[in-house]
Amino acid sequence: MSQAGEREFTKLLSPATGYGVVVGLGAAFAVLMIGFTYLQRRFTRFDTNNASEFATASRSIKPGLICAGIVSAWTWSATLLQSSAATYQSGLSAAWWYGVGGTIQIGFFAAIAAKVKMNANGATTFLQICKARYGTGCHILFTFYALVCAHIVAGSLVLGASATINALTGASIEACNFLLPIGIAIYVIAGGLRATFICDFTHTVILFVIIYLFMFSAYATSPALGSISSMYKLLVEAAQTTPVEGNEQGSYLTMKSNSGILFAGCTIASGFSGVFCDQGYWQRAIASRPESTTRAYMLGGLSWFAIPWAFGTTMGLSSRALQSTPAYPTYPYALSASQQSAGLVAPAAAVALLGKGGAVAILLATFMAATSAASAELIAVSSIVVYDIFGTYWKPLSGKQVVFWSHLVIALAAIWFGAWSCILHKANIDLGWLFYIQGVCLTPAVVPIGLTVSWGRMSKISAFYGTIFGTVCGMIGWMLGCWKVYGEINTVNLAKPYAAISGSAPGLVMSALATLVLAYFFPGSNDWTATRAIHQADNKASTDSKGEPVSAHIASAPMPEKNFTDEKHQDGNSTTVQTVDVNAESPGEANETYEREIIEELDLGLLQKVFVRASIISSSMAMIITFIVPIPMFAAHYVFSLGFFKFWIVASFIWVFLAGSFCIILPVWESRVELVSICKRLLGFARIKTKTGY
């Protein structure tokens, strides 16, 4: 049994190790992306000097890579750290509810993504759709919410990772706050959105390997645990010495958990706001191919569910089971409330399971989670600032200017995110605080934003005033809930679960009701002409590096090869270039490919069927994981037997291995032809010849 008291987290690694991971891996990914960008320009038609390629990856990403990108972008530091902390506090129900709180939103967004392709396939940001439908007032309002979301997400990512690095190595939190985003910005600037997808894939591979490592250690090889039966026995003992208030028999092995249900409400609210208000998610829908967008989001949601469920269950329960062993980093004390809120439950379990090796593994996992999601956030912020602020309220930008300003904004945003994280740290705001506040701040905009791209009856009155009304109700509920439940309104109490749900629930429900009622009395025109014409404005803004206009539709059509030909400089001087003569398709065949892709993009009937199918699948999935599986166990007050606990763990193993297959194997398989082609050219199998220009 752990003693009452508090002890500083034992640091098994040196500060040099922490800085080495942050700086060294950041530099390694920067070099990787510079190399990838070179290969991309050399052997494909995609060039990051093109505005459409930089911001939207030419709308050509395949579903496997989109799936990996969704999993990576939604696997924040909080996904790993907060799911483990909640499981440590409330038992295994919390890990399940964390998965529910993020998966159902991705499922519903799969349907929304089909509507994006139907009604605004040329858009770069969801805010452009709001501007086209509603005008300036709503555009400014939703831009504000998008930037608030970016700040909350950035704070969660950077500060959560920095706190973990500091706890494991002693590296300065302030230094890590700056080094993390600046290192990420280097490779984002080098490769644009497509680079973030490639890094997302790399990060996801490493992340799944680390998850497998911890799961096999906890349930098979660890001397401290080593089997599901040992874990079960220690958790039964923990329930006797440190029972969970509100859980059946105080057990950590039950879905009948009052705190777990409360956590579920907070997580669902936070998840909806984190998906619908985050340009990073819209960016992935925009970047994907029209015919595969929804499938990619469905696979991404199902795959992501495995991460908080499997990882949170393993690390949260391991931390609780092993907290009385000498290997525990705060032995002989349990983790303090502040240490739990800072996200140190998973690092404590990692150290107790694998010692220094576990510390290194959790350090890498946290770094990967932070950098992959932060790279998407930097692209998202740059798109908002460049397209929706500069390009809308300053002056129209050419493609060359779009790329220049995107680079500059990414660099400045990285520095600001570091400063912002330091501000939060000095104000004693940590990962747990940001997690609970996210739903309070952002839920009023969720329903209006979702309906903007999917319901023709929406009008600027319903969108604007529905959001404002929900915000007012949410703020009032937040303050009243904090005062009534905790007796005092202060920074600490405002981020406690009952206060958070008192703000996020009214914000979501009342904004939805107000939006629907106002849309009924003040309907929109049900005309998507303005949003479907966004690509016309984008044509003027998107040019290649030589200033030549590039059609948004043409940019989305894949060209198998890039034929390098002689070029003549403007001054008339000749140049010698290398030419890769592959002749995979004749020009006529390539044009037919373009036309076929355009027809597929404009097949509104097909996309409507995809929307209906995605709505049915996502609703069914939401019903299963939110009600059909957990609620009967909650209502029956069931405490897991050893046999059922084994089934629960085995099911999480199966799910996480399937998720790994979708995220690791599928992207490689889909791109096997391109990968083989590039490898052949690198090895000299393609015919390369040198010509002399004019």
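Residues numbered from 1 in each chain as written. Predicted model: local features only at pLDDT ≥ 70, side-chain atom pairs only at ≥ 80, totals over all residues. Heavy atoms only, no water.

- Going by an unreviewed UniProt entry, the protein chain carries the name Urea transporter and comes from Kwoniella europaea PYCC6329.
- Per its UniProt entry, the protein chain bears the Sequence similarities (unreviewed entry) comment "Belongs to the sodium:solute symporter (SSF) (TC 2.A.21) family."
- Comment text from UniProt for the protein chain, heading Subcellular location (unreviewed entry), reads "Membrane". (UniProt positions renumbered as here; feature names shortened; annotations may be inferred.)

**Thoughts on the packing of aromatic side chains**
So, step 1. Inspection of the entire model under this criterion finds 38 aromatic pairs.
So, step 2. Judged by centre distance (5.9 Å) and plane angle (35 degrees), the ring pair of Trp74 and Trp304 falls under tilted. One end of the pair, Trp74, is in helix α3 (residues 63-74); the other, Trp304, is in helix α12 (residues 293-322), with 230 residues separating them in the sequence.
So, step 3. For Trp74, a relative accessible area of 5% gives the class buried.
So, step 4. On the basis of relative accessibility, which here comes to 1%, the residue Trp304 falls in the buried class.
So, step 5. Each ring, one from Phe640 and one from Trp648, has its centre 5.2 Å from the other, and the planes form 65 degrees; the classification is edge-to-face. Trp648 shares its class with Phe640; the two are buried.
So, step 6. An aromatic cluster is built from Trp96, Phe305, Trp309, Tyr638, Phe640, Phe644, Phe647, Trp648 and Trp655, whose rings are joined through pairwise contacts. (Phe/Tyr/Trp six-rings, centres within 6.5 Å; stacked < 30°, edge-to-face > 60°. Helix = DSSP H or I, 4+ residues; strand = E, 2+ residues; numbered from the N terminus. Buried < 20%, exposed > 50% of the residue type's maximum accessible area, 1.4 Å probe, protein only.)

**As for the side chain of Ser156**
So, step 1. Note that Ser156 resides in helix α7 (residues 136-169).
So, step 2. Relative accessible area serves as the criterion here: at 2%, Ser156 is assigned to the buried category.
So, step 3. Other than its neighbours up to four places away in sequence, Ser156 contacts Trp76, Ser77, Ala161, Leu431 and Leu434. (Contact = heavy atoms within 4.5 Å.)

**Observations regarding helix α4 (residues 77-90)**
So, step 1. The end-to-end C-alpha distance of α4, which contains 14 residues, comes to 20 Å, matching closely the 20 Å that a straight helix rising 1.5 Å per residue would cover.
So, step 2. Burial analysis of α4 places 13 of its 14 residues in the buried class, the great majority of the element.
So, step 3. Looking at the residues trailing α4, positive phi occurs at Gly91, about 100 degrees. (Expected span 1.5 Å × (residues − 1).)

**Considerations on the nonpolar core**
So, step 1. Counting residues in hydrophobic clusters, the biggest one holds 187 residues, and the most contacted among them are Trp96, Phe109, Phe142, Phe214, Tyr297, Phe645 and Trp648.
So, step 2. When residues in this core are grouped by element, the largest group, 18 residues, is from helix α15 (residues 356-393).
So, step 3. Once residues lying within four places of it in the same chain are set aside, the contact partners of Phe645 are Leu92, Ile228, Met231, Tyr232, Leu235, Leu253, Leu317 and Phe640.
So, step 4. If you look at the next biggest cluster of nonpolar residues, it comprises five residues, including Ala111, Ala114, Phe611 and Ala614. (Core = buried A, V, L, I, M, F, W, Y, C linked by side-chain atoms within 4.5 Å.)

**Concerning unusual backbone geometry**
So, step 1. Backbone torsion omega between Tyr331 and Pro332 reads 10 degrees, so that peptide bond is classified as cis.
So, step 2. Positive phi values are uncommon outside glycine, yet Asn428 reaches one of about 60 degrees.
So, step 3. Within the secondary structure, Asn428 is located in the loop between α16 (399-426) and α17 (431-442).
So, step 4. Relative accessible area serves as the criterion here: at 68%, Asn428 is assigned to the exposed category.

**Comments concerning the confidence of the model for the protein chain**
So, step 1. Averaged over every residue, the pLDDT of the protein chain is 82; the share at 70 or more is 82%.
So, step 2. Within the model, the stretch residues 536-601 combines pLDDT values under 50 with 132 contacts to residues more than four positions away or in other chains. (pLDDT = per-residue confidence, 0-100.)

**Re α7**
So, step 1. With 34 residues, α7 should cover 50 Å at 1.5 Å per step; its first-to-last C-alpha distance of 48 Å lies within 8% of that length.
So, step 2. Among the 34 residues of α7, 26 are classified as buried, and the element is accordingly described as predominantly covered.
So, step 3. The first or second residue beyond α7 is Gly170, which carries a positive phi of 85 degrees.

**Description of the environment of Tyr145**
So, step 1. Turning to its location among the elements, Tyr145 is positioned in helix α7.
So, step 2. For the pair Tyr145 and Ala445, spaced 300 residues apart in sequence, the C-alpha to C-alpha distance is 7.3 Å.
So, step 3. In this view, Tyr145 contacts Cys441, Leu442, Pro444, Ala445, Thr467 and Thr471; residues no more than four positions away in its chain are not counted.

**A few points about the packing of helix α14 (residues 345-354) against α15**
So, step 1. Contact geometry of α14 with α15 gives a least axis separation of 6 Å together with a crossing angle of 145 degrees. Note on packing geometry: the crossing formed by α14 with α15 is right-handed. For the pair formed by α14 and α15, the contact residues are Ala346, Pro347, Ala350, Val351 and Leu354 on the first element and Lys356, Gly357, Gly358, Ala359 and Ile362 on the second.
So, step 2. Considered class by class, the residues forming the contact of α14 with α15 number seven nonpolar, two polar and one charged. (Axes fitted to C-alpha atoms, helices over the stretch in contact; angles between N-to-C directions. Left-handed = near helix turned anticlockwise from the far one by under 90°. Nonpolar A, V, L, I, M, F, W, Y, C, P; charged D, E, K, R; others polar.)

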